[in-house]
Each structure stands twice: as structure tokens, then as C-alpha cells.
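Next come the chains, spelled out residue by residue.
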2 protein chains.
Amino acid sequence: MEKQTVTIYDVAREAAVSMATVSRVVNGNPNVKPATRKKVLEVIDRLDYRPNAVARGLASKKTTTIGVIIPDVTNAYFSSLARGIDDIAMMYKYNIILTNSDENGGKEVQVLNTLMAKQVDGIIFMGNQVTDELREEFRRSKAPIVLAGSVDAEKTQPSVNIDYVAAVAEAVKNLIDHGNEKIAFVSGSMDQAINHDYRLKGYKKALKDAGIAYDDKLVFETDYTYKAGQSLEPALNAAGATAAFVGDDELAAGVMNGLTDAGVAVPDEFEVITSNDTKLTELVRPKMSSITQPLYDIGAVAMRLLTKLMNNETVDENTVILPYGLMKRSSTK
Amino acid sequence: MEKQTVTIYDVAREAAVSMATVSRVVNGNPNVKPATRKKVLEVIDRLDYRPNAVARGLASKKTTTIGVIIPDVTNAYFSSLARGIDDIAMMYKYNIILTNSDENGGKEVQVLNTLMAKQVDGIIFMGNQVTDELREEFRRSKAPIVLAGSVDAEKTQPSVNIDYVAAVAEAVKNLIDHGNEKIAFVSGSMDQAINHDYRLKGYKKALKDAGIAYDDKLVFETDYTYKAGQSLEPALNAAGATAAFVGDDELAAGVMNGLTDAGVAVPDEFEVITSNDTKLTELVRPKMSSITQPLYDIGAVAMRLLTKLMNNETVDENTVILPYGLMKRSSTK
DNA sequence: TGCAAGAGTGAAAACGCTTTCACATCAAAG
DNA sequence: CTTTGATGTGAAAGCGTTTTCACTCTTGCA
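Conventions and cut-offs
Residues numbered from 1 in each chain as written. Chains lettered and ligands numbered in written order. Predicted model: local features only at pLDDT ≥ 70, side-chain atom pairs only at ≥ 80, totals over all residues. Heavy atoms only, no water. Helix = DSSP H or I, 4+ residues; strand = E, 2+ residues; numbered from the N terminus. Rg over C-alpha atoms; globule rule 2.2 N^0.38 Å. Buried < 20%, exposed > 50% of the residue type's maximum accessible area, 1.4 Å probe, protein only. Contact = heavy atoms within 4.5 Å. Areas by Shrake-Rupley, 256 points an atom, 1.4 Å probe, with all protein chains shown as cover. Lys, Arg positive; Asp, Glu negative; His and termini not counted. Charge placed at Lys NZ, Arg CZ, Asp CG, Glu CD. Least-squares fit on C-alpha atoms with pLDDT ≥ 70 in both. Pairing = 2+ DSSP bridges. Axes fitted to C-alpha atoms, helices over the stretch in contact; angles between N-to-C directions. Near = heavy atom within 4 Å. Polar contact = N/O pair within 3.5 Å; in protein donor to acceptor, adjacent residues only side chain to side chain. Nonpolar A, V, L, I, M, F, W, Y, C, P; charged D, E, K, R; others polar. Salt bridge = Lys/Arg side-chain N within 4 Å of Asp/Glu carboxyl O. Domains from an automatic or database assignment. Buried area = accessible area lost by both parts, 1.4 Å probe. Expected span 1.5 Å × (residues − 1).

**Notes on the overall build of chain A**
Scanning chain A from terminus to terminus reveals 14 helices and 12 strands. The C-alpha atoms of chain A give a radius of gyration of 25 Å, which is well past the 20 Å a tight globule of 333 residues would have. Scored against the burial criterion, the 333 residues of chain A give a buried share of 55%. Summarising the internal contacts of chain A: among those between residues at least 6 apart in sequence, 69% fall at separations of at least 24. Of the roughly 14300 Å² of accessible surface on chain A, 51% is carried by carbon and sulfur atoms. Between the centroid of the 38 positive side chains of chain A and the centroid of its 44 negative side chains there is a distance of 10 Å.

**A short note on the relation of the copies chain B and chain A**
The transformation that overlays chain B on chain A combines an axial shift of 0.0 Å with a rotation of 180°, and the residual RMSD is 0.0 Å. As the rotation angle and translation indicate, the two copies are arranged about a two-fold axis. Minimal C-alpha distance to the rotation axis in chain B is attained by B:Ile97, lying at 2.2 Å. Both copies share a contact surface, since 100% of the interface residues of chain B are interface residues in chain A too.

**Regarding the sheet that holds strand β6 (residues 183–187) of chain A**
Residue and element names in this part refer to chain A. Taken in spatial order, the 6 strands make up an open sheet running β7-β6-β8-β9-β10-β12, and their pairing is mixed. With one partner strand each, in any of the chains shown, β7 (219–221) and β12 (325–327) form the two edges of the open sheet. On average, each strand axis in the sheet is inclined to that of its neighbour by 20°, with strand direction left out of account. Across 3 bridges, β6 lies against β7 in parallel orientation. Each residue of the ladder has a partner; that of Phe185, found in β7, is Val219. Strands in contact with helix α9 (residues 193–209) are β6, β7 and β8 (243–246); relative to β6, the strand with the most contacts, it is inclined by about 165°. Packing of helix α12 (residues 249–261) onto the sheet brings it into contact with β6, β8, β9 (271–274) and β10 (289–292), and relative to β9 it is tilted by some 170°.

**Regarding the protein's contact with DNA strand C**
DNA strand C sits among 29 residues. The nearest are A:Ile8, A:Ser23, B:Thr21, B:Arg24 and B:Thr36. For DNA strand C, the fraction of atoms within 4 Å of the protein that belong to sugar or phosphate moieties is 62%. For DNA strand C, a base oxygen lies 2.7 Å from a polar atom in the side chain of B:Arg24. A distance of 2.9 Å separates a phosphate oxygen of DNA strand C from a polar side-chain atom of B:Lys61. Breaking the surface near DNA strand C down by element, the ones donating at least two residues are α2 (19–26) and α4 (53–60) of chain A together with α2 (19–26) and α4 (53–60) of chain B. Residue classes in the surface near DNA strand C are distributed as 13 nonpolar, 10 polar and 6 charged.

**Some remarks on the pattern of salt bridges**
Residue and element names in this part refer to chain A. Across all of its chains, the model carries 40 salt bridges over all chains by this definition. Among the salt bridges present, the one from Arg135 reaches Asp132, with a minimum N-O distance of 2.8 Å. Of this pair, Arg135 and Asp132 both sit in helix α7 (residues 132–140), separated by 3 residues, roughly a single helical turn. Arg135 sits in the buried class, given a relative accessible area of 10%.

**Regarding the interface of chain B and chain A**
Size of an interface: often given as the accessible area lost when the parts come together. Taken residue by residue, the interface counts 55 residues in chain B and 55 residues in chain A. For A:Arg83, the salt bridge goes to B:Asp102, with nearest N and O atoms at 2.2 Å. The interface formed by chain B and chain A contains 30 residue pairs in polar contact (both at pLDDT 80 or more). Elements with a contribution of two residues or more to the side of chain B that touches chain A: α4, α5 (76–91), β2 (95–100), α6 (105–117), α7 (132–140), α10 (226–230), α12 (249–261) and α13 (280–283) of chain B. In the side of chain B that touches chain A, the residues fall into 18 nonpolar, 18 polar and 19 charged.

**Looking at the sheet that holds strand β10 (residues 289–292) of chain B**
In any sheet, the strands associate via hydrogen bonds between backbone groups, in a parallel or an antiparallel arrangement. All names here are of chain B. Ordered by their spatial adjacency, 6 strands build an open sheet running β7-β6-β8-β9-β10-β12, and the pairing between neighbours is mixed. The strands lining the two open edges of the sheet, one partner per strand, are β7 (219–221) and β12 (325–327). Ignoring strand direction, the axes of neighbouring strands in this sheet form an average angle of 20°. One ladder, built from 4 bridges, connects strand β6 (residues 183–187) with strand β8 (residues 243–246); its direction is parallel. Across the sheet, the residue bridging to Ile183 is Ala243, located in β8. Against the sheet, helix α8 (residues 164–177) makes contact with β6, β8, β9 (271–274), β10 and β12, and its axis sits at roughly 165° relative to β8, the strand it touches most. Lying on the sheet, α12 is in contact with β6, β8, β9 and β10; it crosses β9 at an angle near 170°.

**A look at the protein's contact with DNA strand D**
Taken together, the neighbourhood of DNA strand D is formed by 29 residues, with A:Thr21, A:Arg24, A:Thr36, B:Ile8 and B:Ser23 sitting nearest. For DNA strand D, the fraction of protein-proximal atoms (within 4 Å) that sit in sugar or phosphate groups is 59%. A:Ser18 places a polar main-chain atom, nitrogen or oxygen, 2.9 Å from a phosphate oxygen of DNA strand D. Here a phosphate oxygen of DNA strand D sits 2.6 Å away from a polar atom, N or O, in the main chain of B:Ile8. If you list the elements that add at least two residues to the surface near DNA strand D, you get α2 and α4 of chain A together with α2 and α4 of chain B. Tallied by class, the residues present in the surface near DNA strand D amount to 13 nonpolar, 10 polar and 6 charged.

**Details of the domain arrangement of chain A**
All names here are of chain A. What the domain assignment lists for chain A is domain 1 (8–51), domain 2 (65–162 + 295–324) and domain 3 (164–293). Once you take the C-alpha centre of each, domain 2 and domain 3 turn out to be 27 Å apart. Across the contact, 17 residues belong to domain 2 and 17 residues belong to domain 3. Counting each side, the surface lost to burial between domain 2 and domain 3 is near 1500 Å², with a carbon and sulfur contribution of 56%.

**A closer look at α5(B)**
Helical geometry: 3.6 residues make up each α-helical turn, so side chains three or four residues apart lie on a common side. All names here are of chain B. The terminal C-alpha atoms of α5, which comprises 16 residues, lie 23 Å apart, in line with the 22 Å expected from a rise of 1.5 Å per residue. In terms of burial, α5 is largely enclosed, as 13 of its 16 residues are buried. Just past α5, the residue Lys93 takes up positive phi, approximately 70°.

**Let's talk about the side chain of A:Thr332**
All names here are of chain A. Summarising the element assignment, Thr332 is placed in the segment after β12. Polar side-chain contacts of Thr332 include one of 2.7 Å to the side chain of Ser289. Residue contacts for Thr332: discarding those within four places in its chain leaves Leu175, His178, Pro267, Glu271, Val272, Ile273 and Ser289.

**Some details on unusual backbone geometry**
The linkage connecting A:Val266 with the following residue, A:Pro267, adopts the cis geometry, with an omega of 5°. The residue A:Pro267 is located in the loop between α12 and β9 in this model. At the junction of B:Arg285 and B:Pro286, the peptide bond is cis and its omega measures out at -10° in the coordinates. Structurally, B:Pro286 is set in the loop between α13 and β10. In the Ramachandran plot, B:Asp102 falls in the positive-phi region, its phi being about 55° despite a non-glycine side chain. With respect to the helices and strands, the residue B:Asp102 is situated in the loop between β2 and α6. Given the relative accessible area of 39%, B:Asp102 is considered partly exposed.

What follows is the structure, given as C-alpha cells:
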């Protein structure tokens with residue numbers, strides 16, 4: 001025995017008005033006589049009428065739902081962004097369809113398509129490897145798409161980020177200032193624009209400014225996991241590094257613990273600076289120095305930007321750069 | 001100049017068949033002559049036709065979308081569950097609308113309502129404080145709802161969990177076996193069923209089994225944050241505790257670091273065992289001993305259960321209990 | 001040769017809303 | 001009193017699918 005759903009038509013009949021009028025009061029349209037409005041509201045209340053958002057979406061061509069593509073919710077960096085996104089979305093009455101992509105191009109394209117099929121009003125994309133195919137999909141989307149905490153070298157989409165090049169350069173300079181000359185650059189895949197086109201650039205810049213020669217033996221390309229970091233100690237040691245810039249906090253924690261476990265003292269014998277300033281940096285011992293990013297805000301601002309785009313408001317700047325900082329904790333001198 | 005969307009009608013016209021037939025081929029209905037199917041598929045391809053999921057949802061009364069209510073994505077425990085949920089959901093062609101509730105009753109009710117308005121096919125709820133009002137909303141929902149990693153004392157909804165009482169009892173027994181008599185019970189709000197009706201019960205049981213008197217001075221009700229744990233050291237000390245069972249990993253990390261920072265040696269002078277076995281337990285030093293839970297699986301199984309419910313398959317057991325374990329690391333002797 | 005039973009297809013009615021357009025009403029202005 | 005411009009309301013046409021039902025062909029079989 002299915003519960004019978006009450007529709008706008010039922011309300012109209014009971015209130016002795018037209019569907020149009022019911023629709024008006026539901027949507028807060030001011031062109032309704034107060035007496036009528038009251039009458040309709042009473043019936044709505046009595047019948048416990050709840051508008052069907054799907055029907056609404058079909059008729060109005062707006063779903064008040066946005067799609068969010070995230071590499072992995074389980075990653076503290078991204079989940080912080082996601083929280084910022086959701087909070088602002090909720091503030092603007094949007095809901096979020098969240099899907100994990102594992103930064104896998106095929107999955108990203110597929111997910112993007114189902115999001116578009118579901119007629120989301122907008123999309124927020126996180127992930128640093130924007131393939132040509134993906135870019136093509138972006139282009140064909142009628143819903144606006146903004147990148148959050150992610151970069152695409154082609155800069156074809158609106159995005160919100162920090163200035164990665166400058167941030168990394170500053171972090172590395174800090175290490176250099178402490179007397180380190182052999183500084184490792186540890187990050188995830190170099191196929192990712194953020195590593196290849198931004199972080200590495202910052203790293204090289206700092207080196208160059210200090211007159212230190214770039215040595216690709218000091219560049220460690222691995223994946224963003226604790227384990228990967230932990231097992232990096234021998235290689236780091238073999239390369240003669242005395243400090244490392246690391247592109248991810250979990251990875252950095254691994255690097256640091258791997259070092260410590262191998263009897264290398266951090267920061268006295270080896271300094272580590274990381275990138276994302278997630279909670280993690282405070283939990284490990286020694287606490288990790290890090291580039292600071294307004295994670296929550298990156299998500300929040302991205303979502304805010306998206307709302308403007310969805311409303312066809314003109315936005316002065318398509319790519320917004322938020323301020324970063326450097327937080328000295330105990331993994332650097 | 002809006003891009004003109006191509007509809008099923010356009011395809012039908014171009015392929016010289018009816019909409020019904022196009023619908024059939026799109027949905028893989030076998031009652032279509034191969035030749036016809038081929039012809040239609042060609043047109044679909046040529047026009048780049050993409051079915052509108054909203055229209056589909058309206059007509060079929062299925063949205064292939066489920067709602068997920070999560071206290072906070074940023075929390076490692078819950079985000080692990082969320083990942084399990086999403087993976088299985090994707091496997092069954094569902095998408096997920098994710099909303100953060102902060103375990104705030106009012107927000108939960110509101111979110112639940114918007115999810116139902118959006119006609120989700122099912123809902124997964126995480127949160128340990130099921131108010132009467134919430135229970136009422138659950139009841140009125142036509143979409144099935146399952147609790148994941150969350151308990152409701154009334155057991156009115158399907159759920160997937162571990163046996164919290166037994167797990168906590170075992171953890172505490174372990175502490176007792178190490179010679180501790182004054183064992184602190186540290187958790188979040190006692191209003192939450194999981195703390196009040198499960199964990200505390202397990203704690204008391206272990207005490208009773210060992211013939212140790214229960215002392216509510218040793219029960220610390222706080223919130224699930226690192227900071228809260230960190231500042232607990234003086235109180236713990238004042239109560240004369242020599243060990244603690246903690247209900248959340250981040251909180252436990254705080255407790256442990258607070259202790260360490262105050263010069264209390266873990267585990268020699270104070271043992272700590274935590275509850276959720278998130279990655280965190282491995283990142284801090286000493287590594288934390290913990291009850292182990294199959295986090296990902298709890299989410300995955302909950303989602304799987306939900307698919308069955310949505311298909312009206314009969315399920316033998318409405319509440320599934322997954323196995324737990326105890327992982328000894330370095331925060332206990 | 002005739003007939004029952006599929007197989008394949010199309011017409012059209014939902015699905016539950018928004019929105020356009022036309023119309024009616026009414027108060028203020030001439 | 002008329003005219004006018006707002007204000008309030010309803011009829012009905014979408015929105016893009018799925019699904020039911022009826023109908024036409026084919027086949028296989030008696």
C-alpha cells in the first residue's frame with residue numbers, strides 16, 4: 001500500500017484556487033493576495049504537501065544541485081575544501097552530488113557526464129590532471145565549472161587557488177636560509193599540473209635565486225600516501241638530502257616518521273616542510289612546518305564564485321588567488 | 001545563444017521511429033529489432049543525444065540518487081565510511097547527495113526533508129543522536145533509510161555496525177589486564193546513544209567482570225576534537241587515572257599528545273586505547289592501539305544493504321554486525 | 001490452411017511542476 | 001462615471017522522459 005503523494009493539484013483543489021496560484025505561494029511570488037496566500041498555506045499545512053523537486057527541476061530547468069568531483073574524500077586536504085563547498089552551497093540552498101574520481105581521467109569524464117545528465121546547475125572540480133578530453137567535456141558543459149584548489153595549466157576554467165609557485169619558492173627559500181643546499185622535492189605524479197607546472201617551478205626559482213644548481217636526482221616522484229613517504233628514507237639519504245619540501249601532508253608525515261624511525265633527527269639533521277596545513281601537521285611529532293592555505297575558504301570561495309556564475313552575474317576576476325602563509329612548527333629549524 | 005538540447009523526440013524523428021522505441025533502446029529493452037536498434041544508436045551518436053535524468057526521474061519515479069547525511073566529511077572516521085558508500089553506490093549506478101549535519105538535530109531534520117523533496121531513492125544516515133523528531137521523519141519517509149556506523153537505541157532502522165559493547169569491553173579489559181585500575185572513559189556527548197547506551201555499557205561491563213567499582217569521576221564527557229583531548233591532561237591526572245579508553249581517534253591523539261607534552265610517558269605511565277582505527281593511529285607517535293573497525297566496509301555494506309531495500313529484496317537481517325578487532329600498537333603495553 | 005502466440009512498434013497518457021498569456025477586478029485619476 | 005494601470009488569478013502549454021495499451025506482423029504448429 002503505497003502512501004499516496006499529495007501534489008500541487010490536490011492543494012489547488014482543496015483551496016479552490018488554480019495550480020498557478022499554489023505555485024506562486026510556494027515560490028514566494030508576491031503577486032498573491034494575502035487572504036489567498038493564507039488559505040493556500042493552510043491547505044498545504046493540512047495536507048502536508050511537499051513540492052517534488054524533480055518535477056520542479058524539469059519545469060524550471062534548475063535543480064538547485066551542483067556536482068562536486070573530488071579525488072578522494074578520505075584525503076584531509078580535499079575533504080576540507082569539500083566542507084567549505086557544502087557549507088556555502090547550503091547557505092545558497094544548493095545540494096551537492098559528491099563523487100570520488102581518484103584523479104582517474106576516465107572516471108572523471110564519466111562522472112562529469114552523469115552529472116550533466118542529472119542537470120546539475122554547476123560543477124566544482126578538484127583534481128590536478130586536466131586531460132584534453134576532460135577539457136573538451138568542460139567546454140561542452142552548459143553548466144559553469146570552477147576548479148577548487150586545483151590548477152590547469154591552460155587556465156581555461158574559473159578557479160580558486162593560492163599562488164603555488166610563490167608559496168613553494170618561499171618554503172624552499174626558508175630551507176635554504178637554514179643552510180641546506182641539498183633540498184629534496186617530494187611530490188606526487190609529475191603528470192599533475194600542480195607539481196610540474198607550479199610547485200617544481202617554485203622550487204627551481206628558489207634554487208636559482210640562491211645560486212644553487214638544480215639537480216633532478218633530488219626530485220622524488222611518488223604517490224600521496226603515508227607509506228610511500230615512510231619508505232623514502234633510504235633514497236633521501238642516498239641522495240644526500242638534508243631537507244625536503246613535500247607536496248602533501250600525509251606523505252610528509254610518512255617522510256618524517258620514516259626518517260625518525262631510521263634514527264635521523266628531525267629537524268636537527270633533516271628539515272621537512274609540507275604543503276597543505278591540514279590538521280595532521282599538528283598531530284604528528286614533531287609538528288610539521290607548512291605552507292598554510294585557507295583550505296575551507298578555497299572551497300567556500302569556489303562555491304561562492306560558482307553561484308555568481310550560475311546567476312550569470314558578471315565576475316571581475318575568473319581566477320581568484322587566496323593568500324598563503326608559512327607556518328613554522330617543529331620540523332624545521 | 002543557448003546550446004539547443006537534443007531530446008528523445010529529435011532522435012525519434014531523425015530515426016523515423018517513435019519515442020517509445022528510442023526509449024527502449026536507451027534502456028536496453030530487448031524488444032527491439034536489431035536493425036532498428038542499430039539505426040537508433042547511430043542517430044543517438046550522430047546527434048550526441050544524452051538522456052535528461054531529471055525527466056527520467058519524473059517519469060519513472062526513480063532518481064538513481066541517494067542521500068547521505070554525515071556529521072562532518074572532515075572527520076576521518078566518517079569520510080572513510082563515505083568512501084565505502086560512494087564506491088558501492090557507483091558500482092550500482094547511484095550517485096550521492098552528501099550533506100554535513102554537524103549532528104545537529106534541527107539541521108538533520110531539515111536536510112532529510114530536502115533529500116526527500118529531491119526524491120532520493122534511499123538514504124544513509126550517520127549520526128548517533130536520533131531524536132524523536134528525527135525518528136518520526138524516518139518513519140514518514142517512503143525511501144528506505146539505513147544507519148551506517150551509527151546506532152539508535154530504538155533500533156527502528158536497518159543499520160550496519162560493529163558490536164560496540166563487546167569491543168569496548170574488550171579494550172577496557174585489555175587495559176585492566178595490564179594492571180590498570182583507574183581507567184578513564186573519554187568520549188563525546190553522553191546524549192549520543194553510542195556513548196551512553198553502548199560504549200559506557202561495555203566499559204562498565206569490563207569493570208564489573210574484573211570486580212572494579214565504577215566511578216563516574218573517571219568519565220570524561222567532552223567533544224570530538226584534538227584540542228579537547230589535549231587539554232584533558234590535568235583532569236585526567238587529578239582523577240588519578242593511569243589509562244584511558246577514548247571514543248575518537250582525533251580526540252585520542254589530543255589526549256596522548258597532551259599527556260606527552262606534560263611529561264607523562266605513554267604507554268609506560270599512562271596507556272591509551274582508541275576506537276576507530278583511522279589512519280591517524282599510525283601517524284602519531286607512539287602509534288595508537290585501537291579497536292579496529294572495517295570502516296570502509298561499514299559504508300560499503302550499508303550501501304549494499306540499501307540497494308537491496310530499494311529493490312524490495314527481502315533481507316534476512318536488518319541490522320548487520322561486522323567483526324571488530326583489537327590492534328595493539330605502542331600506546332598500550 | 002488456419003490460428004495462437006510472440007515479437008516489434010507507435011500513440012498518447014502520465015509524471016508534478018513552472019510559466020506564459022490572457023483576462024478580470026479594482027482603486028485612483030481624469 | 002469612464003479610463004487606466006496595476007494587481008490578482010486561472011487555463012493550458014510545456015519540460016523530456018517512461019510506460020501502458022493496442023495494434024500489426026511474423027512464426028510455428030496443429
